[in-house]
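These are the residues of each chain, in order.
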Amino acid sequence: MKVAVKLYAVLRCGRFKEKFLDYPSGTTVGDVITDLKLPPEHVDILLVNDTHVDFEHLLEENDVLSLLPMVEGG
Amino acid sequence: MRFLTDKPAVEPASVLYRRCTVDLKNGDMQMGEVPCLNLEDVLGGFGRSFQLLEKREICDAYVDENPLIVNVGLLTGSHVMTGMRTYFSGYSPIKGSRKGLPAAMWSAGSGKFGAKLKWTGLDEIIFENRSDQPVYMVIREGNDGPVVELKPAVHLLGLTTHEKIMSLQKEYDDAHFAVIGPAGENWQNVYAGAVALSTENQLKSKEDKSRFAGRGGMGSLMGYKNVLALVAQSNDKLGSTPEPVKKANVNVIKGGGSARLQPIKRGGGGGTWAAYEVLQAFHAVPVNNFRPQGNDIPERLFRSRVEKSYEIKSEACYRCGITCHNNIYKRKEDGSAGEFLAKFDYEPLNLLGTNLGLHETEQAAALIHLCDNYGMDAITVGVTVAYVLSYNERHPQTPILNGITFGDFDGIRRLVELTGQGKAPEIGRGSMRLSVDLGETGYAYHVKGLELAAYQPETNPGYIWAIAGGHMSMGTYGMLAREGKTDTKSWVEAITQDKLQIVGFDMIGLCKFFDIVKGIGTAMVVDCLKAEHGVIVTEQELKDAVKRAFLRGMALEFRQGYDKDEFCLPAEVTESPNPNIKMPMLTTPEFLAELNEKVWEVFDREMQELL
Ligand code: SF4
């Protein structure tokens with residue numbers, strides 16, 4: 001299945017901004033994070049089609065997965 | 001501090017801290033050891049200072065009875081990473097109730113002054129009354145404990161914060177400094193004066209890289225008292241780091257702690273600046289007085305854009321591995337760093353850049369530099385200027401302050417300069433007073449008189465219950481973006497339990513970045529306290545002390561005349577909902593009414609004994 005993956009801020013470094021990627025059905029958000037070798041301590045906000053999800057969320061054909069780091073004040 | 005017990009929560013009176021009370025009217029000083037009343041007294045910071053403030057009846061910030069309390073936290077000056085904090089407390093010139101009474105307030109800053117102060121052997125200074133001549137205070141370690149002296153400071157008058165620090169550095173070796181700038185000296189017309197705290201980097205590089213205790217006008221209170229600077233002179237007192245503290249420090253750097261704030265080239269997230277990119281994904285970066293437009297205009301101040309033309313150096317306070325400062329330099333032709341421009345943190349960058357309609361790096365940097373050097377709170381100044389710009393947009397025929405508009409850099413810069421010189425009280429006294437004078441309060445982005453940090457109120461109803469500014473005293477600002485929670489139950493729990501724990505850092509002497517998510521009630525802090533001071537406290541005792549201190553702060557708000565209807569967001573948020581923000585709309589009248597009811601149900605009950 002095709003999934004659009006969008007990366008933000010530091011997660012883009014050395015990777016991409018947005019890409020369509022192919023995954024077998026049954027792929028979770030966590031699988032994509034592992035596949036892209038994203039440092040888990042930086043991946044804080046997980047959105048599928050603009051809705052917050054968790055690492056175990058099952059992706060579906062044509063989903064848009066956005067991965068963002070944490071918001072910190074200061 | 002002297003510990004005659006290893007159980008400070010159970011036997012607080014067996015913990016003694018050293019305090020110096022100075023009567024600025026006649027120069028009298030009283031030095032003594034004070035037994036603690038409870039664990040929050042032991043922890044320090046506002047946990048202690050608010051217990052003194054609640055004993056005073058203060059009707060105006062600028063009266064002699066309003067003390068300025070300067071203190072540190074239990075872990076300030078320790079081996080624990082980020083243990084650099086100094087706290088300034090008093091009744092605030094800027095934050096106040098509709099009845100006109102000033103609110104109790106504290107402000108915290110890093111830099112090395114706090115550690116040096118602690119190493120002189122002094123834990124707290126209370127300034128009473130005011131001096132009729134400008135003075136500065138020198139605190140140094142003597143053979144029998146700290147020695148304190150007041151000195152004439154006429155030669156420092158009119159100097160910027162950085163110039164004052166540079167001037168004092170020539171006189172005092174092995175010392176660090178806390179100073180006000182021209183803004184604090186012009187306290188009559190600038191209520192938003194900040195205190196600048198020197199850093200090692202600043203003293204070495206001679207560049208204006210202070211840290212600031214900015215919020216609540218504590219620099220203006222210091223100016224009212226005619227105290228222009230504090231000098232803490234002492235040897236550095238850190239030997240080898242105890243093993244448990246080493247472990248905690250590594251965890252802060254490598255573990256969950258604050259990895260995200262470290263430099264990108266070390267695998268970190270690049271500091272608070274990264275919030276720009278995260279919030280822009282939701283079109284929630286404040287633009288033109290907190291009205292995001294749903295376009296890509298904020299991207300012009302993204303780090304990735306700025307670094308194409310400027311050098312960014314990641315720098316830090318003394319011994320701090322978090323290295324959260326992003327210092328911006330002009331780039332020389334050979335590609336190396338040239339002139340230092342400013343430090344880019346999310347809040348000042350947004351509130352003196354995008355939120356004023358300014359999108360050029362050097363324009364935002366120039367305004368940050370001005371606020372830093374005049375010694376003004378960038379948040380209050382930025383938000384109040386944004387209010388003026390939005391007023392002029394709504395009233396093109398009858399504008400105020402020379403009719404400046406969003407994006408008019410020269411006009412805005414001039415206004416910021418005049419503010420720092422005490423010649424623009426409209427800005428210097430903050431957005432609450434200006435909006436009341438103009439009869440348009442709904443567009444002023446403050447809560448209870450203190451301007452909002454750079455998070456859209458639509459995303460953070462927790463602002464309403466923050467007791468000392470939105471992002472430092474209520475950790476709900478990223479909750480909607482991070483967790484997407486829209487049910488009242490989660491928000492009530494967050495506001496009344498977990499997210500208020502953020503204020504613990506303003507007691508114990510550490511930066512919030514030590515562990516912004518979990519607070520100080522953790523095994524990591526328990527281990528550090530045992531290793532540094534030999535004391536045994538539990539995580540729950542720490543959490544309870546933080547909660548009591550928070551509730552005391554809120555009870556003090558009511559004591560100073562706040563009505564519950566002042567606990568509210570700017571009216572524009574509910575009256576004219578912004579359709580551009582791509583997050584669930586939390587701030588509907590219905591949601592806010594339900595949240596209010598449920599939060600007060602908890603706080604009313606818990607505050608009963610304190611009111
Ligand atoms: S986290 Fe940042 S502000 Fe705090 S001590 Fe470290 S470098 Fe300084």
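Quick summary incoming for the structure in this document. Only a predicted model underlies this, so the values are computations on that prediction, with no experimental measurement involved.

Calculation criteria
Residues numbered from 1 in each chain as written. Chains lettered and ligands numbered in written order. Predicted model: local features only at pLDDT ≥ 70, side-chain atom pairs only at ≥ 80, totals over all residues. Heavy atoms only, no water. Helix = DSSP H or I, 4+ residues; strand = E, 2+ residues; numbered from the N terminus. Rg over C-alpha atoms; globule rule 2.2 N^0.38 Å. Areas by Shrake-Rupley, 256 points an atom, 1.4 Å probe, with all protein chains shown as cover. Lys, Arg positive; Asp, Glu negative; His and termini not counted. Charge placed at Lys NZ, Arg CZ, Asp CG, Glu CD. Near = heavy atom within 4 Å. Nonpolar A, V, L, I, M, F, W, Y, C, P; charged D, E, K, R; others polar. Core = buried A, V, L, I, M, F, W, Y, C linked by side-chain atoms within 4.5 Å. Buried < 20%, exposed > 50% of the residue type's maximum accessible area, 1.4 Å probe, protein only. Contact = heavy atoms within 4.5 Å. Pairing = 2+ DSSP bridges. Salt bridge = Lys/Arg side-chain N within 4 Å of Asp/Glu carboxyl O. Expected span 1.5 Å × (residues − 1). Axes fitted to C-alpha atoms, helices over the stretch in contact; angles between N-to-C directions. Buried area = accessible area lost by both parts, 1.4 Å probe. Polar contact = N/O pair within 3.5 Å; in protein donor to acceptor, adjacent residues only side chain to side chain. Parallel < 35°, antiparallel > 145°, perpendicular 65-115°, else oblique. Left-handed = near helix turned anticlockwise from the far one by under 90°. Phe/Tyr/Trp six-rings, centres within 6.5 Å; stacked < 30°, edge-to-face > 60°. Lys NZ or Arg CZ within 6 Å of the ring centre and 35° of its normal.

1. A closer look at the overall build of chain A
Piece 1. Assigned secondary structure in chain A consists of one helix and five strands.
Piece 2. Walking chain A from its N terminus toward its C terminus, one meets helices and strands in the order β-β-α-β-β-β.
Piece 3. Whereas a compact globule of 74 residues would reach a radius of gyration of roughly 11 Å, chain A reaches 12 Å, a difference of no more than 12%.
Piece 4. Along the three orthogonal principal directions, the C-alpha set of chain A runs to about 40 × 25 × 20 Å.
Piece 5. Counting only carbon and sulfur atoms, one obtains 52% of the accessible surface of chain A, whose full area is about 3,600 Å².
Piece 6. Charged side chains in chain A number 7 positive and 13 negative. The centres of these two groups are separated by 11 Å.

2. Focus on the site of the ligand
Piece 1. With respect to spatial proximity, the complete set of residues near the ligand consists of Thr82(B), Ser110(B), Arg211(B), Ala316(B), Cys317(B), Cys320(B), Ile322(B), Cys324(B), His325(B), Cys511(B) and Phe513(B).
Piece 2. Each residue belonging to the shell around the ligand can be placed in one class, and the counts come to seven nonpolar, three polar and one charged.

3. Focus: the nonpolar core
Piece 1. With 215 residues, the main nonpolar core has Phe88(B), Phe127(B), Leu230(B), Phe282(B), Trp465(B) and Phe603(B) as its most contacted residues.
Piece 2. At 10 residues, helix H13 (residues 378-394) of chain B tops the list of elements feeding residues into this core.
Piece 3. Residues contacting Trp465(B), with those up to four places away along its chain left out, are Lys448(B), Met474(B), Ile495(B), Phe550(B), Met554(B), Phe567(B), Leu595(B), Asn596(B), Val599(B), Trp600(B) and Phe603(B).
Piece 4. Core analysis: the second largest hydrophobic core is formed by 21 residues, Val43(A), Leu46(A), Val53(A) and Leu67(A) among them.

4. A few points about the pairing of strand E6 (residues 102-109) of chain B
Residues and elements named next belong to chain B.
Piece 1. Burial analysis of E6 places eight of its eight residues in the buried class, the great majority of the element.
Piece 2. Here strand E5 (residues 86-96) runs beside E6; their pairing, made up of seven bridges, is antiparallel. In the sheet register, Tyr87 faces E6, and the bridge partner there is Ala108.
Piece 3. In this structure, the hairpin formed by E5 and E6 is closed by a connection of five residues, where Gly100 is found at a positive phi of approximately 95°.

5. Here we look at the pattern of salt bridges
Residues and elements named next belong to chain B.
Piece 1. Taken as a whole, this structure holds 46 salt bridges over all chains when the rule is applied.
Piece 2. One salt bridge connects Lys237 with Glu141, and the closest N-O pair in it is separated by 2.7 Å. On the criterion of sequence distance, the pair formed by Lys237 in the loop between strand E13 (227-233) and helix H8 (243-254) and Glu141 in strand E8 (residues 135-142) is long-range, its members being 96 residues apart.
Piece 3. A relative accessible area of 38% means that Lys237 is categorised as partly exposed.
Piece 4. Among the residues examined, Glu141 registers a relative accessible area of 31% and is labelled partly exposed.

6. Concerning helix H14 (residues 409-420) of chain B
All names here are of chain B.
Piece 1. Look at H14: 16 Å from first C-alpha to last across 12 residues, which is about the 16 Å you get at 1.5 Å a residue.
Piece 2. Burial analysis of H14 places nine of its 12 residues in the buried class, which makes it a mostly covered element.
Piece 3. When we look at burial in H14, the residues that qualify are Phe409, Gly411, Ile412, Leu415, Val416, Glu417, Leu418, Thr419 and Gly420.
Piece 4. Summarising the contacts, the buried residues of H14 are in contact with helix H5 (182-185), helix H12 (361-374), H13 and helix H15 (425-428).
Piece 5. Backbone geometry just downstream of H14 places Gly422 in the positive-phi region, at approximately 80°.

7. Section: the sheet that holds E8(B)
All names here are of chain B.
Piece 1. Taken together, the six strands give an open sheet; going across it, the order is E9-E8-E13-E10-E11-E12, and neighbouring strands pair in mixed fashion. Lying at the two open borders of the sheet, with one neighbouring strand each, are strand E9 (145-152) and strand E12 (211-213). Mean inter-strand twist for the sheet, computed between neighbouring axes without regard to direction, equals 20°.
Piece 2. Judged from the five bridges that link them, strand E10 (residues 175-179) and E13 form a sheet pairing that is antiparallel.

8. Section: the sheet that holds strand E4 (residues 51-52) of chain A
Hydrogen bonds between backbone atoms are what pair the strands of a sheet, whose relative direction is either parallel or antiparallel.
Piece 1. With mixed pairing, the five strands of this open sheet are ordered in space as E2-E1-E5-E3-E4 (chain A). Of all strands in the sheet, those with a lone pairing partner are strand E2 (18-22) and E4 of chain A, marking the two edges.

9. Here's the deal with helix H18 (residues 488-498) of chain B
One turn of an α-helix holds 3.6 residues; hence residues three or four places apart share an orientation.
Piece 1. By the burial criterion, the buried members of H18(B) are Thr488(B), Ser490(B), Trp491(B), Val492(B), Ala494(B), Ile495(B) and Thr496(B).
Piece 2. Here the buried face of H18(B) lies against helix H17 (479-483), helix H21 (539-559) and helix H23 (589-607) of chain B.

10. With respect to the interface of chain B and chain A
Piece 1. Contact residues are listed per partner, giving 28 residues for chain B and 17 residues for chain A.
Piece 2. Between chain B and chain A, the buried area comes to about 2,100 Å², and carbon and sulfur atoms account for 63% of it.
Piece 3. Across the chain B-chain A interface, the total number found is one salt bridge.
Piece 4. The shortest N-O distance in the salt bridge between Arg482(B) and Asp44(A) comes to 2.5 Å.
Piece 5. Joining chain B to chain A, the criterion identifies five residue pairs in polar contact (both at pLDDT 80 or more).
Piece 6. Counting only elements with at least two residues in the side of chain B that touches chain A, the list comes to helix H9 (275-280) and H17 of chain B.

11. What to know about the environment of Arg429(B)
Residue and element names in this part refer to chain B.
Piece 1. With respect to the secondary-structure elements, Arg429 resides in the loop between H15 and helix H16 (430-438).
Piece 2. As a C-alpha pair, Arg429 and Ser336 span 93 residues in sequence and 41 Å in three-dimensional space.
Piece 3. Looking at Arg429, its side chain comes within polar contact range of the main-chain oxygen of Gln188, at 3.2 Å.
Piece 4. One polar contact links Arg429 to Asn189, side chain to side chain, over a distance of 2.9 Å.

12. Digging into the packing of H18(B) against H23(B)
Residue and element names in this part refer to chain B.
Piece 1. Between H18 and H23, whose axes approach to 10 Å, the crossing angle comes to 40°. Looking at the two axes, H18 sits oblique to H23. The handedness of the crossing between H18 and H23 is right-handed. Of the residues in H23, those touching H18 at Thr488, Trp491, Val492, Ile495 and Thr496 are Phe591, Glu594, Leu595, Lys598, Val599, Val602 and Phe603.

13. A look at the packing of aromatic side chains
Residues and elements named next belong to chain B.
Piece 1. Scanning the model with the defined rule gives 23 aromatic pairs over all chains in all.
Piece 2. Aromatic ring contacts, followed pair by pair, group Trp465, Phe550, Phe558, Tyr562, Phe567, Trp600 and Phe603 into a single cluster.
Piece 3. If you follow Arg130 out to its NZ or CZ, it ends over the ring of Tyr224, 4.8 Å from the centre.
Piece 4. Looking at Lys209, its charged tip hangs above the ring of Phe340, at a distance of 5.0 Å from the centre.

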